[in-house]
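Inside the fold
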Amino acid sequence: MLIPYPYNPATQDLWIYEDHQISWTLPEPSSSTVKRPIGWNPNSPLYGYRRSLRGISARFRTFSTVCSDPVAAIYAEYNNPALEANKPVYYNSYPMQFLVMSEKFMWACGHCFNMLGARNPNYRFVGTGGYTPGTFFESSMQFRWLDHDNSVIASVSPTNVMLGYSSDPPTNLDCNLSQCDLSILEFIGTVSVPPMQAVDARNMGVGQTLWILDSNHKIGRLRMVSAAVKSGRDQYRSQLLKPDGTEVPKNGQLFLHDSGSLLLAEISPPSSPEAGDGVLGVVPVHAYFATNFVDSWYGSQRAGYGDFQASGNIAGTLLPTNVFSYCAGRGSPLLPMRSARRTTALALQSVDAQILATMEGLLA
(Lines give C-alpha, C1' and ligand atoms only; values in the text may rest on other atoms or scores of the structure.)
Protein backbone atom coordinates (compact mmCIF):
# COMPACT_ATOMS: atom_id res chain seq x y z
CA MET A 1 0.00 0.00 0.00
CA LEU A 2 1.33 3.43 -0.96
CA ILE A 3 1.12 5.69 2.07
CA PRO A 4 1.05 9.51 2.32
CA TYR A 5 3.25 9.67 5.42
CA PRO A 6 6.81 8.53 6.23
CA TYR A 7 7.25 4.76 6.49
CA ASN A 8 8.92 3.65 9.72
CA PRO A 9 9.54 -0.12 9.89
CA ALA A 10 10.39 0.15 13.59
CA THR A 11 6.74 0.90 14.36
CA GLN A 12 4.72 0.09 11.23
CA ASP A 13 5.80 -3.52 10.56
CA LEU A 14 3.93 -6.44 12.11
CA TRP A 15 7.08 -8.60 12.11
CA ILE A 16 10.83 -8.36 12.45
CA TYR A 17 12.71 -10.08 9.62
CA GLU A 18 15.87 -11.88 8.61
CA ASP A 19 17.36 -12.51 5.16
CA HIS A 20 16.47 -15.97 3.92
CA GLN A 21 17.39 -17.69 0.67
CA ILE A 22 14.90 -19.73 -1.30
CA SER A 23 15.66 -21.76 -4.40
CA TRP A 24 13.79 -23.64 -7.10
CA THR A 25 14.56 -25.87 -10.08
CA LEU A 26 11.80 -25.10 -12.61
CA PRO A 27 11.69 -23.79 -15.27
CA GLU A 28 15.42 -23.58 -14.55
CA PRO A 29 17.49 -23.57 -11.34
CA SER A 30 17.49 -20.22 -9.57
CA SER A 31 17.38 -18.63 -6.13
CA SER A 32 16.38 -15.43 -4.38
CA THR A 33 16.87 -13.73 -1.03
CA VAL A 34 13.59 -12.88 0.70
CA LYS A 35 12.68 -11.44 4.09
CA ARG A 36 11.43 -14.07 6.53
CA PRO A 37 9.53 -13.16 9.73
CA ILE A 38 11.34 -14.33 12.84
CA GLY A 39 9.34 -12.53 15.52
CA TRP A 40 6.63 -10.04 16.40
CA ASN A 41 7.68 -6.41 16.25
CA PRO A 42 7.62 -5.21 19.91
CA ASN A 43 7.20 -1.57 18.85
CA SER A 44 4.15 -2.06 16.65
CA PRO A 45 0.68 -0.97 17.82
CA LEU A 46 -0.50 -4.59 17.44
CA TYR A 47 2.16 -6.19 19.63
CA GLY A 48 -0.17 -6.26 22.63
CA TYR A 49 -2.67 -8.31 20.60
CA ARG A 50 -0.26 -10.88 19.17
CA ARG A 51 -1.77 -13.93 20.93
CA SER A 52 -4.97 -13.31 18.96
CA LEU A 53 -3.05 -12.92 15.67
CA ARG A 54 -1.13 -16.19 15.71
CA GLY A 55 -3.41 -17.58 13.00
CA ILE A 56 -1.90 -15.16 10.43
CA SER A 57 0.76 -16.98 8.44
CA ALA A 58 4.27 -15.55 8.78
CA ARG A 59 4.76 -14.99 5.07
CA PHE A 60 7.83 -13.87 3.15
CA ARG A 61 8.43 -10.41 1.82
CA THR A 62 9.29 -11.35 -1.75
CA PHE A 63 8.98 -7.81 -3.19
CA SER A 64 7.73 -9.40 -6.40
CA THR A 65 5.40 -6.62 -7.59
CA VAL A 66 6.49 -3.04 -8.22
CA CYS A 67 4.20 -0.01 -8.30
CA SER A 68 5.78 2.24 -10.93
CA ASP A 69 5.13 5.79 -12.12
CA PRO A 70 2.92 7.69 -12.55
CA VAL A 71 1.15 6.39 -9.42
CA ALA A 72 4.32 5.89 -7.37
CA ALA A 73 5.53 9.42 -8.14
CA ILE A 74 2.57 10.87 -6.25
CA TYR A 75 3.97 9.42 -3.01
CA ALA A 76 7.66 10.18 -3.54
CA GLU A 77 7.44 13.30 -1.38
CA TYR A 78 6.66 11.10 1.64
CA ASN A 79 8.97 8.16 0.96
CA ASN A 80 11.94 8.31 -1.42
CA PRO A 81 11.48 5.33 -3.80
CA ALA A 82 15.26 5.21 -4.43
CA LEU A 83 15.95 4.19 -0.83
CA GLU A 84 16.20 0.46 -0.10
CA ALA A 85 14.54 1.06 3.27
CA ASN A 86 11.36 2.19 1.49
CA LYS A 87 11.04 -0.94 -0.65
CA PRO A 88 8.04 -2.24 1.39
CA VAL A 89 6.11 0.85 0.25
CA TYR A 90 6.65 0.50 -3.50
CA TYR A 91 7.02 -3.29 -3.88
CA ASN A 92 4.23 -5.66 -2.91
CA SER A 93 4.80 -9.32 -2.06
CA TYR A 94 3.11 -12.41 -3.46
CA PRO A 95 1.91 -14.93 -2.19
CA MET A 96 -0.59 -13.48 0.27
CA GLN A 97 -1.26 -14.77 3.80
CA PHE A 98 -3.36 -17.68 4.97
CA LEU A 99 -5.57 -17.41 8.06
CA VAL A 100 -6.07 -20.42 10.31
CA MET A 101 -9.72 -20.38 11.36
CA SER A 102 -10.00 -23.85 12.92
CA GLU A 103 -7.83 -26.93 13.33
CA LYS A 104 -8.86 -28.02 9.83
CA PHE A 105 -9.64 -24.89 7.78
CA MET A 106 -7.94 -21.75 6.50
CA TRP A 107 -9.21 -18.66 4.69
CA ALA A 108 -7.45 -17.00 1.77
CA CYS A 109 -8.24 -14.47 -0.96
CA GLY A 110 -9.86 -16.51 -3.72
CA HIS A 111 -8.79 -14.58 -6.80
CA CYS A 112 -5.21 -14.11 -5.50
CA PHE A 113 -4.64 -17.82 -6.04
CA ASN A 114 -7.28 -18.38 -8.73
CA MET A 115 -8.97 -20.84 -6.41
CA LEU A 116 -12.67 -20.28 -6.99
CA GLY A 117 -13.67 -23.77 -8.05
CA ALA A 118 -15.35 -26.73 -6.41
CA ARG A 119 -13.82 -28.82 -3.63
CA ASN A 120 -11.79 -31.80 -4.82
CA PRO A 121 -10.19 -33.94 -2.09
CA ASN A 122 -7.64 -35.30 -4.58
CA TYR A 123 -6.15 -31.87 -5.37
CA ARG A 124 -3.27 -30.29 -3.47
CA PHE A 125 -2.07 -26.69 -3.18
CA VAL A 126 1.23 -27.80 -4.70
CA GLY A 127 0.95 -30.92 -6.81
CA THR A 128 -2.09 -32.37 -8.55
CA GLY A 129 -4.45 -29.54 -9.48
CA GLY A 130 -2.28 -26.79 -7.96
CA TYR A 131 1.14 -25.21 -8.39
CA THR A 132 3.91 -27.28 -9.97
CA PRO A 133 6.43 -28.79 -7.52
CA GLY A 134 9.94 -27.37 -7.78
CA THR A 135 8.83 -23.88 -8.85
CA PHE A 136 9.19 -20.47 -7.24
CA PHE A 137 5.61 -20.74 -6.03
CA GLU A 138 6.33 -23.84 -3.96
CA SER A 139 9.44 -22.28 -2.42
CA SER A 140 7.69 -19.02 -1.58
CA MET A 141 4.44 -20.36 -0.09
CA GLN A 142 4.58 -20.09 3.69
CA PHE A 143 2.19 -22.24 5.67
CA ARG A 144 4.15 -21.22 8.77
CA TRP A 145 2.97 -19.63 12.00
CA LEU A 146 4.74 -17.96 14.94
CA ASP A 147 3.71 -18.17 18.59
CA HIS A 148 3.52 -15.14 20.89
CA ASP A 149 7.09 -15.87 22.08
CA ASN A 150 8.42 -15.97 18.47
CA SER A 151 8.81 -19.75 18.40
CA VAL A 152 7.46 -21.61 15.35
CA ILE A 153 4.10 -23.21 16.11
CA ALA A 154 3.80 -25.09 12.83
CA SER A 155 5.31 -25.23 9.36
CA VAL A 156 3.28 -27.25 6.87
CA SER A 157 4.33 -28.29 3.38
CA PRO A 158 1.95 -26.99 0.68
CA THR A 159 1.77 -30.58 -0.59
CA ASN A 160 -0.10 -31.33 2.66
CA VAL A 161 -2.75 -28.67 2.04
CA MET A 162 -5.81 -29.32 -0.11
CA LEU A 163 -6.23 -27.00 -3.07
CA GLY A 164 -8.43 -24.06 -2.09
CA TYR A 165 -12.05 -24.01 -3.16
CA SER A 166 -15.01 -21.65 -3.06
CA SER A 167 -17.88 -24.09 -3.47
CA ASP A 168 -18.89 -27.53 -2.31
CA PRO A 169 -21.93 -28.48 -4.39
CA PRO A 170 -23.46 -31.05 -2.01
CA THR A 171 -23.70 -28.37 0.70
CA ASN A 172 -24.78 -25.35 -1.42
CA LEU A 173 -21.68 -23.46 -0.26
CA ASP A 174 -20.96 -20.67 -2.75
CA CYS A 175 -18.18 -18.17 -2.10
CA ASN A 176 -17.30 -17.34 -5.68
CA LEU A 177 -16.01 -14.00 -6.92
CA SER A 178 -19.43 -12.39 -7.24
CA GLN A 179 -20.30 -13.39 -3.68
CA CYS A 180 -17.26 -13.01 -1.48
CA ASP A 181 -13.99 -14.00 -3.23
CA LEU A 182 -13.15 -16.45 -0.46
CA SER A 183 -11.06 -19.58 -0.88
CA ILE A 184 -11.26 -22.24 1.82
CA LEU A 185 -8.20 -24.44 2.29
CA GLU A 186 -8.02 -27.68 4.25
CA PHE A 187 -5.09 -29.25 6.02
CA ILE A 188 -4.42 -32.91 5.33
CA GLY A 189 -4.87 -33.75 8.98
CA THR A 190 -5.09 -30.95 11.54
CA VAL A 191 -2.87 -28.23 13.03
CA SER A 192 -2.50 -26.86 16.55
CA VAL A 193 -2.26 -23.20 15.49
CA PRO A 194 -4.58 -21.00 17.62
CA PRO A 195 -7.33 -19.90 15.21
CA MET A 196 -8.25 -16.35 14.33
CA GLN A 197 -11.36 -14.83 15.87
CA ALA A 198 -13.89 -13.39 13.43
CA VAL A 199 -15.49 -10.12 14.53
CA ASP A 200 -18.77 -8.37 13.78
CA ALA A 201 -17.74 -4.72 13.60
CA ARG A 202 -21.16 -3.26 12.79
CA ASN A 203 -21.59 -1.97 16.35
CA MET A 204 -18.47 0.22 16.18
CA GLY A 205 -18.97 3.95 16.35
CA VAL A 206 -17.93 6.42 13.69
CA GLY A 207 -14.29 7.36 14.23
CA GLN A 208 -13.24 4.19 16.03
CA THR A 209 -9.93 2.62 15.06
CA LEU A 210 -9.59 -0.28 12.64
CA TRP A 211 -6.33 -1.72 11.31
CA ILE A 212 -5.33 -2.94 7.86
CA LEU A 213 -2.50 -5.37 7.09
CA ASP A 214 -1.38 -4.86 3.51
CA SER A 215 0.64 -7.00 1.09
CA ASN A 216 3.85 -6.60 3.13
CA HIS A 217 2.05 -6.72 6.48
CA LYS A 218 2.66 -3.03 6.98
CA ILE A 219 0.19 -1.85 9.60
CA GLY A 220 -2.18 0.89 8.49
CA ARG A 221 -4.43 2.77 10.87
CA LEU A 222 -8.02 3.42 9.79
CA ARG A 223 -11.10 5.02 11.27
CA MET A 224 -14.59 3.66 10.91
CA VAL A 225 -16.84 5.73 8.64
CA SER A 226 -19.91 3.50 8.28
CA ALA A 227 -21.14 -0.10 8.44
CA ALA A 228 -24.13 -1.76 6.79
CA VAL A 229 -25.54 -5.10 5.65
CA LYS A 230 -26.30 -5.63 1.98
CA SER A 231 -27.67 -8.93 0.66
CA GLY A 232 -26.65 -10.67 3.87
CA ARG A 233 -23.09 -9.36 3.65
CA ASP A 234 -21.54 -6.79 5.95
CA GLN A 235 -19.86 -3.84 4.25
CA TYR A 236 -17.72 -1.12 5.77
CA ARG A 237 -16.37 2.26 4.81
CA SER A 238 -13.14 3.30 6.47
CA GLN A 239 -10.59 6.05 6.06
CA LEU A 240 -6.80 5.89 6.21
CA LEU A 241 -5.05 7.87 8.96
CA LYS A 242 -1.46 8.60 9.91
CA PRO A 243 -0.04 6.24 12.56
CA ASP A 244 -0.70 8.87 15.26
CA GLY A 245 -4.37 9.06 14.30
CA THR A 246 -4.27 12.44 12.55
CA GLU A 247 -5.54 13.16 9.05
CA VAL A 248 -3.55 12.11 6.00
CA PRO A 249 -2.74 14.87 3.48
CA LYS A 250 -3.96 12.77 0.55
CA ASN A 251 -5.40 9.36 -0.18
CA GLY A 252 -3.52 6.11 0.29
CA GLN A 253 -3.37 3.69 -2.64
CA LEU A 254 -3.82 -0.07 -2.79
CA PHE A 255 -2.10 -1.63 -5.81
CA LEU A 256 -1.54 -5.06 -7.38
CA HIS A 257 -1.17 -7.84 -4.77
CA ASP A 258 -2.70 -5.75 -2.01
CA SER A 259 -5.72 -7.94 -2.78
CA GLY A 260 -6.54 -10.03 0.26
CA SER A 261 -5.39 -7.33 2.69
CA LEU A 262 -6.92 -7.85 6.15
CA LEU A 263 -9.15 -5.62 8.22
CA LEU A 264 -8.89 -6.02 12.02
CA ALA A 265 -11.05 -4.65 14.84
CA GLU A 266 -10.53 -4.66 18.59
CA ILE A 267 -12.60 -6.99 20.75
CA SER A 268 -10.77 -6.39 24.04
CA PRO A 269 -7.65 -4.38 24.98
CA PRO A 270 -4.42 -5.95 26.30
CA SER A 271 -3.52 -5.85 29.98
CA SER A 272 -0.08 -4.75 28.75
CA PRO A 273 1.83 -4.88 25.45
CA GLU A 274 4.19 -7.45 26.95
CA ALA A 275 1.34 -9.78 27.88
CA GLY A 276 -0.01 -9.75 24.35
CA ASP A 277 -3.45 -10.78 25.61
CA GLY A 278 -5.51 -8.17 23.81
CA VAL A 279 -7.92 -9.56 21.23
CA LEU A 280 -8.22 -8.36 17.65
CA GLY A 281 -10.73 -10.04 15.38
CA VAL A 282 -10.54 -10.37 11.63
CA VAL A 283 -13.43 -8.52 10.00
CA PRO A 284 -14.76 -11.05 7.47
CA VAL A 285 -13.95 -8.96 4.41
CA HIS A 286 -10.79 -8.38 2.40
CA ALA A 287 -9.49 -6.01 -0.27
CA TYR A 288 -10.67 -7.04 -3.71
CA PHE A 289 -9.04 -4.63 -6.18
CA ALA A 290 -6.53 -1.79 -6.34
CA THR A 291 -8.08 1.51 -5.39
CA ASN A 292 -7.62 4.96 -3.96
CA PHE A 293 -8.15 4.28 -0.28
CA VAL A 294 -10.02 7.15 1.41
CA ASP A 295 -13.63 6.09 1.97
CA SER A 296 -13.10 3.30 -0.54
CA TRP A 297 -13.36 0.09 1.45
CA TYR A 298 -17.10 -0.08 0.88
CA GLY A 299 -16.63 -0.57 -2.86
CA SER A 300 -13.30 -2.40 -2.94
CA GLN A 301 -13.99 -5.34 -0.65
CA ARG A 302 -15.53 -8.75 -0.88
CA ALA A 303 -17.49 -9.99 2.12
CA GLY A 304 -20.16 -12.60 2.75
CA TYR A 305 -18.26 -15.12 4.86
CA GLY A 306 -20.77 -14.91 7.68
CA ASP A 307 -24.54 -14.87 8.03
CA PHE A 308 -25.52 -11.38 9.14
CA GLN A 309 -29.13 -11.29 10.19
CA ALA A 310 -30.85 -8.21 8.80
CA SER A 311 -34.03 -7.45 6.95
CA GLY A 312 -35.32 -4.82 4.56
CA ASN A 313 -34.75 -3.76 0.96
CA ILE A 314 -31.08 -2.94 1.48
CA ALA A 315 -30.21 -6.03 3.51
CA GLY A 316 -31.80 -8.40 1.00
CA THR A 317 -31.58 -12.16 1.28
CA LEU A 318 -28.98 -14.19 3.14
CA LEU A 319 -26.60 -16.60 1.48
CA PRO A 320 -27.98 -20.17 1.46
CA THR A 321 -24.90 -21.63 3.17
CA ASN A 322 -22.30 -19.48 4.90
CA VAL A 323 -18.75 -20.40 5.79
CA PHE A 324 -19.45 -20.71 9.52
CA SER A 325 -22.27 -23.21 9.09
CA TYR A 326 -20.26 -25.05 6.42
CA CYS A 327 -17.18 -25.58 8.61
CA ALA A 328 -19.33 -26.62 11.56
CA GLY A 329 -21.09 -29.15 9.34
CA ARG A 330 -17.72 -30.53 8.27
CA GLY A 331 -16.80 -31.17 11.92
CA SER A 332 -14.30 -28.35 12.47
CA PRO A 333 -16.28 -25.28 13.60
CA LEU A 334 -14.85 -21.78 13.65
CA LEU A 335 -14.83 -19.74 16.85
CA PRO A 336 -18.23 -18.06 17.36
CA MET A 337 -18.21 -14.54 15.96
CA ARG A 338 -17.83 -11.84 18.61
CA SER A 339 -18.81 -8.18 18.58
CA ALA A 340 -16.16 -5.50 18.30
CA ARG A 341 -15.47 -3.32 21.30
CA ARG A 342 -17.40 -0.07 21.17
CA THR A 343 -15.58 2.91 22.62
CA THR A 344 -18.00 5.64 21.55
CA ALA A 345 -21.30 6.52 23.21
CA LEU A 346 -24.56 5.03 21.98
CA ALA A 347 -27.01 7.37 20.31
CA LEU A 348 -29.65 8.96 22.51
CA GLN A 349 -33.26 7.93 21.98
CA SER A 350 -33.99 11.41 20.64
CA VAL A 351 -31.26 11.00 18.03
CA ASP A 352 -32.63 7.61 17.00
CA ALA A 353 -36.08 9.15 16.61
CA GLN A 354 -34.64 11.94 14.49
CA ILE A 355 -32.87 9.44 12.22
CA LEU A 356 -36.07 7.40 11.86
CA ALA A 357 -38.07 10.51 10.96
CA THR A 358 -35.49 11.48 8.35
CA MET A 359 -35.54 8.00 6.78
CA GLU A 360 -39.34 7.90 6.70
CA GLY A 361 -39.32 11.29 4.99
CA LEU A 362 -36.93 10.03 2.32
CA LEU A 363 -39.06 6.96 1.68
CA ALA A 364 -42.37 8.83 1.64
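Scroll up to find the structure this text is about.
Sequence positions are assigned chain by chain, starting from 1 and proceeding in written order. Where totals are concerned, whole chains, interfaces and linings use all residues; where local detail is concerned, this predicted model gives features only for residues with pLDDT of at least 70, and gives and counts side-chain atom pairs only at 80 or more. Side-chain numbers here rest on the full set of heavy atoms in the structure, without hydrogens or water.

**Description of the overall build of the protein chain**
Elements are defined by DSSP. Helices are runs of H or I of four residues or more, strands are runs of E of two residues or more, and each kind is numbered from the N terminus. Counting secondary structure elements, the protein chain contains six helices and 21 strands. Think of it in three bands: with a 1.4 Å probe and only protein chains considered, a residue is buried below 20% of the maximum accessible area for its type, exposed above 50%, and partly exposed in between. Looking at the protein chain as a whole, 51% of its 364 residues qualify as buried. Should any heavy atoms of two residues lie within 4.5 Å, those residues are counted as being in contact. Relative to all contacts within the protein chain whose residues are 6 or more apart in sequence, the contacts with residues 24 or more apart total 71%. Just so you have it, the protein chain exposes about 15300 Å², and 52% of that area is on carbon and sulfur atoms. Using a 1.4 Å probe, accessible areas were evaluated by the Shrake-Rupley method; residue-level cover was limited to the displayed protein chains.

**Some points on the sheet that holds strand 6 (residues 105-109)**
Spatial ordering of the open sheet is given by 5-6-11, a layout of three strands whose pairing is antiparallel. This sheet does not close on itself; its edge strands, each paired only once, are strand 5 (99-100) and strand 11 (182-186). Where strand 5 meets strand 6, two bridges bridge the pair, whose relative direction is antiparallel. Paired with Leu99 across the bridge in strand 6 is Trp107. In short, DSSP must find at least two bridges between two strands for them to pair.

**Observations regarding the side chain of Glu186**
Tracing the backbone shows Glu186 in strand 11. Classification of Glu186 by relative accessible area gives buried; the value is 1%. A polar side-chain atom of Glu186 sits 2.6 Å from a polar atom in the side chain of Tyr165. With near-sequence residues (within four places) excluded, Glu186 lies in contact with Lys104, Phe105, Arg119, Asn160, Val161, Met162, Tyr165, Tyr326 and Arg330. Between N or O atoms, a polar contact is any pair within 3.5 Å; within protein, one atom must be a potential hydrogen donor and the other a potential acceptor, and residues adjacent in sequence are included only when both atoms are from side chains.

**Looking at the nonpolar core**
As used in this record, nonpolar core signifies buried Ala, Val, Leu, Ile, Met, Phe, Trp, Tyr and Cys residues forming a set joined through side-chain atoms within 4.5 Å. Counting 36 residues, the largest nonpolar core has Leu46, Leu53, Trp107, Leu264 and Val323 as its most contacted members. Looking at this core, the elements with two or more residues in it are strand 1 (15-24), strand 6, strand 11, strand 13 (209-213), strand 17 (262-268), strand 18 (279-287) and helix 5 (323-329). Here this core takes four residues from helix 5, the largest share from any one element. Formed by 32 residues, the second largest nonpolar core is a distinct cluster that contains Tyr7, Val279, Val285 and Ala340.

**Comments concerning the pairing of strand 14 (residues 219-230)**
Examined bridge by bridge, strand 13 and strand 14 share five bridges and lie antiparallel to one another. Across the sheet, residue Leu213 finds its bridge partner in strand 14, namely Ile219. Remark: five residues form the turn of the hairpin made by strand 13 and strand 14, two consecutive strands paired antiparallel; His217 in that turn has positive phi of roughly 55 degrees.

**Regarding unusual backbone geometry**
For residues besides glycine, phi is generally negative; the peptide bonds are generally trans as well. In this structure, the amide linkage connecting Leu26 to the following residue, Pro27, adopts the cis form with an omega of 0 degrees. Take Pro27: it is sitting in the loop between strand 1 and strand 2 (30-40). Positive phi is not limited to glycine here, since Asn150 has a value of about 75 degrees. With respect to the secondary-structure elements, Asn150 resides in the loop between strand 7 (143-146) and strand 8 (152-156).

**Thoughts on the pattern of salt bridges**
Every case where a carboxyl oxygen of Asp or Glu lies within 4 Å of a side-chain nitrogen of Lys or Arg is listed as a salt bridge. Under the counting rule described, the total for this entry stands at eleven salt bridges. Between Glu186 and Arg119 there is a salt bridge, with the nearest N and O atoms lying 2.6 Å from each other. A residue pair is termed long-range when its members are at least 10 positions apart, and Glu186 in strand 11 and Arg119 in the loop between strand 6 and helix 3 (136-140) qualify at 67 residues. Two residues, Asp200 and Arg202, come together in a salt bridge whose shortest N-O distance is 2.8 Å. Residues participating in the shared-partner salt-bridge network are Arg119, Glu186 and Arg330.

**Side note on the environment of Pro9**
Its location among the elements puts Pro9 in helix 1 (residues 9-12). In this structure Pro9 comes out as partly exposed when scored by relative accessible area, which is 37%. Between the alpha carbons of Pro9 and Pro88 there is a distance of 8.9 Å; along the sequence they are 79 residues apart.

**Focus: the environment of Val156**
Inspection of the secondary structure puts Val156 in strand 8. Residue Val156 is classed as buried on the basis of its relative accessible area, which comes to 17%. As a C-alpha pair, Val156 and Phe143 span 13 residues in sequence and 5.3 Å in three-dimensional space. When neighbours within four sequence positions are excluded, Val156 is seen to be in contact with Phe143, Trp145, Val161, Phe187 and Val191.

**Observations regarding the pairing of strand 13**
The element strand 13 is largely enclosed, with a buried count of four among its five residues. Across four bridges, strand 13 lies against strand 17 in antiparallel orientation. When the sheet's bridge partners are listed, Ile212 is paired in strand 17 with Leu263.

**Quick word on the side chain of Ser332**
Following the sequence through the fold, Ser332 ends up in the loop between helix 5 and strand 21 (338-339). With a relative accessible area of 5%, Ser332 lands in the buried category. A distance of 3.4 Å separates a polar side-chain atom of Ser332 from the backbone nitrogen of Lys104. Once you skip the residues sitting within four places of it in the chain, Ser332 turns out to touch Ser102, Glu103, Lys104, Phe105 and Cys327.

**Considerations on the packing of aromatic side chains**
By convention, a stacked pair of Phe, Tyr or Trp rings (six-membered ring in the case of Trp) has centres within 6.5 Å and planes under 30 degrees apart, an edge-to-face pair has planes over 60 apart, and any other such pair is tilted. Within the structure shown, the criterion is met by 17 aromatic pairs. Ring geometry for Trp24 versus Phe136: centroids 5.3 Å apart, planes at 80 degrees, classification edge-to-face. With Trp24 in strand 1 and Phe136 in helix 3, this residue pair connects regions lying 112 residues apart in the sequence. Looking at Trp24, the relative accessible area reads 14%, which means it is buried. When the centroid spacing of 5.2 Å and the interplanar angle of 85 degrees are considered together, the rings of Phe125 and Phe143 count as edge-to-face. Linking Phe125 in the loop between strand 6 and helix 3 with Phe143 in strand 7, this pair joins segments that are 18 residues apart in sequence. Like Phe143, Phe125 is buried. Ring pairing ties together the aromatic residues Trp24, Tyr94, Phe98, Phe113, Phe125, Tyr131, Phe136, Phe137 and Phe143, which thus form one cluster. Sitting above the plane of the Tyr47 ring, Arg50 keeps its charged end 4.0 Å from the centroid. Working rule: Lys NZ or Arg CZ, within 6 Å of ring centre, within 35 degrees of ring normal, means a charge sits over the ring.

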